[in-house]
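What the coordinates show
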Amino acid sequence: MQSSNPAPNSLWKKLFGEPIRAFGIVSALLLTLLAIAPAKNHFSEWRHYQNGYLRLIRTRGDAITLQRHFQPGIQQIWHPELGATDRCTTCHVGLKEASLTDVPAQPYRKHPVIPHATDQFGCVMCHRGQGAATTVEEAHSSTLAWEQPILPARYIESGCGQCHRGGLESTPQLNQGRALLARYGCVQCHSIKLADGGVMQATQDAPSLSHIADKTTREWIFAWLKDPQAYAVSATMPNFKLKDEDIRDISAFLIANSTPIQGDTLGAINQKASDPTAGASLYGESFCSSCHAVQNAAGNLVGGDVGPELTRIGNKAKPEWLRAWVHNPRIYDAKTEMPHYRFTDQQVATMEGFLLAKSDSDLLANVHLDPATPEQIAHGKSLVMEYGCASCHEIGGIKKPENFAPELTKIGSKSVSQLIFLPGMAHTLPDYIAGKIRQPRAFASGLKMPQYTFTTAQIDALTTALLAQNDRAQTVPPSLTVPVPPTSHYRPAGKAGQIMADLACFSCHSINGRGGDMAPDLTWEGSSVQRKWLEDFFRNPGTLRPALIRRMPKFNLSNEDIATLSDYIMTVYQDPDFDRDSMRESGYSTTQVEQGRQLFYSKYACQSCHIVDVKVDKGYIGPTLTSVGSRLTGAWIYHWLKNPQSLRPGTVEPNRNLSDDEAEQLTAFLMMQKGAGQKEAKK
């Protein structure tokens, strides 16, 4: 039988019918295939960039040096501990060349200065992308086989967060993002586990709602839930976009569920009417604005953010509650950061009148609520549980929910195939995270995540912090991480400790690693100051830094309390590295004092930052030194001059590496600055 398709058989016979011809054809095919590989390599993208680099440096003055540093071929950095491989420097060949700062184009631009060598961690640890790739498309973009494209530059600090568990001076955006996660209650609903086994803790101090009826009205609760920012523009509480009937029922439940606290309300105080300006004066003298902000006439917030905004406090607080709070805030909230001022009855009445006058007649004008029904109260309770209110607030009878919202421990490694993107949104993880923060309920109906009022910069910061929460951050070897300094739980003991807790000293001051940074660290205060000055300061705190707005308030302490605090501070808070009494407080020779004056005003120009002579000196950066000889000990001044950072790490005071003689001469000059006796000391 003849073949129905003789053409293929004929072609095969013609090409391979004879052994010699077959050998020749196979050899030609093999040579062609062997030639493709070097040809492909010759015309590869990475070689194109290397050739471009060589052309770039050819005309430069340092061409010989740059040519000598250049290494041709594929370059690779491999970190087996990190499981990271990258060949980025194959194309980015000029990363280490300091002289290429004037080159604007990638991939030849010099890498910005960073604390690490570029080959210490490679590139993908911070920039992401597919490190093993040798083409731009595969290295920088998402592909069917790779979902981690290179990070946009604005999120680059997220890479630092994989190893650095705490804040860094050089990563302000990452620091801000982490602070926002803690401050705005994100971690109250979303658990974020840390590589050391702990969880990210909230710094938000949401008020207890267990006794809310003593403090405010149902009408105010309604207005607050309707729009928290309408009451306080700085409110960290988000808007849950609730329907009016749901807000009505939640407010009904909270009031009905509230239980009173004995002593947290105070009857009217019969005092003579004070001058209309007395309230503003007392508010200012108490430095309330150091912690509380108020909107001014221009709509700008003025004041601190430690405590709540007080712009419309008169709409919120019941007079009887406000009186009791100003009189002693610890009765209502034992852990509050608000100090107990020990105001007199007249001062309480004056402050009450001043604060109640801060109100907005429009805030509650349209809030009209009928008495609540049992059904509304029951529905309100179910809504409180449904929206997870107890995640942030203490609410009587409601348990804090667990696993209320998705865990975010590894959100920075979330596969885009598991995400739902909005129409028109770029299909990348950073775009998803930012979009979810910006409009959380746009992604699906029935979502519970509330609407925040974050700015674009805050959204970028939050996205940066969340991108740092990825698989690699959980697996980085401990040897390559920088842990957060351990949290201090220091508490002063005895009667002094009780007074310090009552005054909320840790809200502003740090002692032994615990506390705020608004005011000086007091860890070595007993070695620093003279006792008489300390006692006088407690009676009437004066300013040491005229340029600062935040000041130490007057707490109206009794002589007994002052003695107790002074005894404790002078005894306990001493630097173990030197004796407080090792330098004399007077008796320095005229020659030493004059030599110190010359050093102060001429060689070191200390008057640039400090004031000794109020008529001549213009230094407002550091504390005034007009009475420093009556305030500080000679030993503290001497050791401070020798090495300020050893006594107060982070201080802006420079270490001038003074000799022992110079330090003693400057100490002699400064110890003669005793305020009233200053003129005599200068003669």
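As the structure is a prediction and not an experimental result, all values here were calculated from the model.

Within the secondary structure layout, Thr428 lies in the loop between helix H18 (374-386) and helix H19 (429-438). Only 2.4 Å separates the side chain of Thr428 from the side chain of Asp431, close enough to count as a polar contact. Those residues in contact with Thr428, other than ones at most four positions away along the chain, are Val416 and Phe421.

The subject of this paragraph is the pattern of salt bridges. With the rule as written, the count across this model stands at 22 salt bridges. With a closest N to O distance of 3.9 Å, Lys410 and Asp471 form a salt bridge. Placement of Lys410 in the loop between H18 and H19 and of Asp471 in helix H21 (residues 471-475) is noted, with a sequence separation of 61 residues between them. Assessed through its relative accessible area of 45%, Lys410 is described here as partly exposed. Salt bridges sharing partners connect three or more residues here, namely Arg330, Arg342, Asp502 and Asp561.

The next subject is the state of the cysteines. What the rule picks out here adds up to zero disulfides. A disulfide-free cysteine, Cys189 has its sulfur positioned 5.4 Å from the sulfur of Cys392, the nearest such atom. On the accessibility criterion, Cys189 (22% relative accessible area) is partly exposed.

Our focus in this paragraph is the nonpolar core. Among the nonpolar cores identified, the biggest contains 95 residues, and Leu254, Tyr283, Met351, Leu355, Leu565 and Phe600 are the most heavily contacted of them. Each residue touching Phe600, except ones within four places of it in the same chain, is listed here: Ala605, Cys606, Gln607, His610, Val612, Leu625, Leu666, Phe669 and Leu670.

Another aspect to go through is H19. With respect to burial, H19 is a largely interior element, seven of its ten residues being buried. Tucked into the core, H19 has its buried residues touching helix H20 (456-467).

With an omega of 10°, the peptide bond between Gln106 and Pro107 qualifies as cis. Inspection of the secondary structure puts Pro107 in the loop between strand E2 (84-86) and helix H5 (118-121). Of note, the phi angle at Phe287 is positive, near 55°, even though the residue is not glycine. One can find Phe287 in the loop between helix H14 (278-285) and strand E3 (293-295). Residue class for Phe287 comes out partly exposed when judged on its relative accessible area of 22%.

On to helix H13 (residues 244-257), then. If you check H13, its first and last C-alpha atoms are 20 Å apart, about what 14 residues at 1.5 Å a residue would give, namely 20 Å. Every buried residue of H13 is listed here: Asp246, Ile247, Asp249, Ile250, Ser251, Ala252, Phe253 and Leu254. Structurally, H13 contributes buried residues whose contacts are with helix H10 (212-215), helix H11 (218-226) and H18.

Here Thr311 shows up in the loop between strand E4 (301-303) and helix H15 (313-316). Other than its neighbours up to four places away in sequence, Thr311 contacts Ala293, Val294, Gln295, Leu301, Lys358 and Ser359.

Inspection of every chain in the model, using the stated rule, returns 26 aromatic pairs. Taking 6.3 Å as the distance between ring centres and 75° as the angle between the ring planes, the aromatic pair formed by Tyr601 and Phe669 counts as edge-to-face. A residue pair is termed long-range when its members are at least 10 positions apart, and Tyr601 in helix H26 (residues 590-603) and Phe669 in helix H30 (residues 660-671) qualify at 68 residues. Given the relative accessible area of 2%, Phe669 is considered buried. An aromatic cluster is present here, built from Tyr490, Phe506, Tyr568 and Tyr573 joined pairwise through their rings.

Between H14 and helix H17 (residues 345-356), whose axes approach to 8 Å, the crossing angle comes to 105°. Classified by the angle between their axes, H14 and H17 sit roughly perpendicular to one another. Contacts between H14 and H17 involve Ala278, Gly279, Ala280, Leu282 and Tyr283 from the former and Gln347, Thr350, Met351, Phe354 and Leu355 from the latter. The residue inventory of the contact of H14 with H17, partitioned by class, reads seven nonpolar, three polar and no charged.

Our next topic: the packing of H19 against H20. Here H19 crosses H20 at 130°, and the two axes come no closer than 9 Å. Put simply, H19 runs oblique to H20. For the pair H19 and H20, the crossing hand works out as right-handed. Residue-level inspection shows Leu429, Pro430, Ile433, Ala434, Ile437 and Arg438 of H19 in contact with H20, the latter providing Ile459, Leu462, Thr463, Leu466 and Leu467. Tallied by class, residues from the contact of H19 with H20 come to nine nonpolar, one polar and one charged.

Parameters at a glance
Residues numbered from 1 in each chain as written. Predicted model: local features only at pLDDT ≥ 70, side-chain atom pairs only at ≥ 80, totals over all residues. Heavy atoms only, no water. Helix = DSSP H or I, 4+ residues; strand = E, 2+ residues; numbered from the N terminus. Polar contact = N/O pair within 3.5 Å; in protein donor to acceptor, adjacent residues only side chain to side chain. Contact = heavy atoms within 4.5 Å. Salt bridge = Lys/Arg side-chain N within 4 Å of Asp/Glu carboxyl O. Buried < 20%, exposed > 50% of the residue type's maximum accessible area, 1.4 Å probe, protein only. Disulfide = S-S within 2.5 Å. Core = buried A, V, L, I, M, F, W, Y, C linked by side-chain atoms within 4.5 Å. Expected span 1.5 Å × (residues − 1). Phe/Tyr/Trp six-rings, centres within 6.5 Å; stacked < 30°, edge-to-face > 60°. Axes fitted to C-alpha atoms, helices over the stretch in contact; angles between N-to-C directions. Parallel < 35°, antiparallel > 145°, perpendicular 65-115°, else oblique. Nonpolar A, V, L, I, M, F, W, Y, C, P; charged D, E, K, R; others polar. Left-handed = near helix turned anticlockwise from the far one by under 90°.

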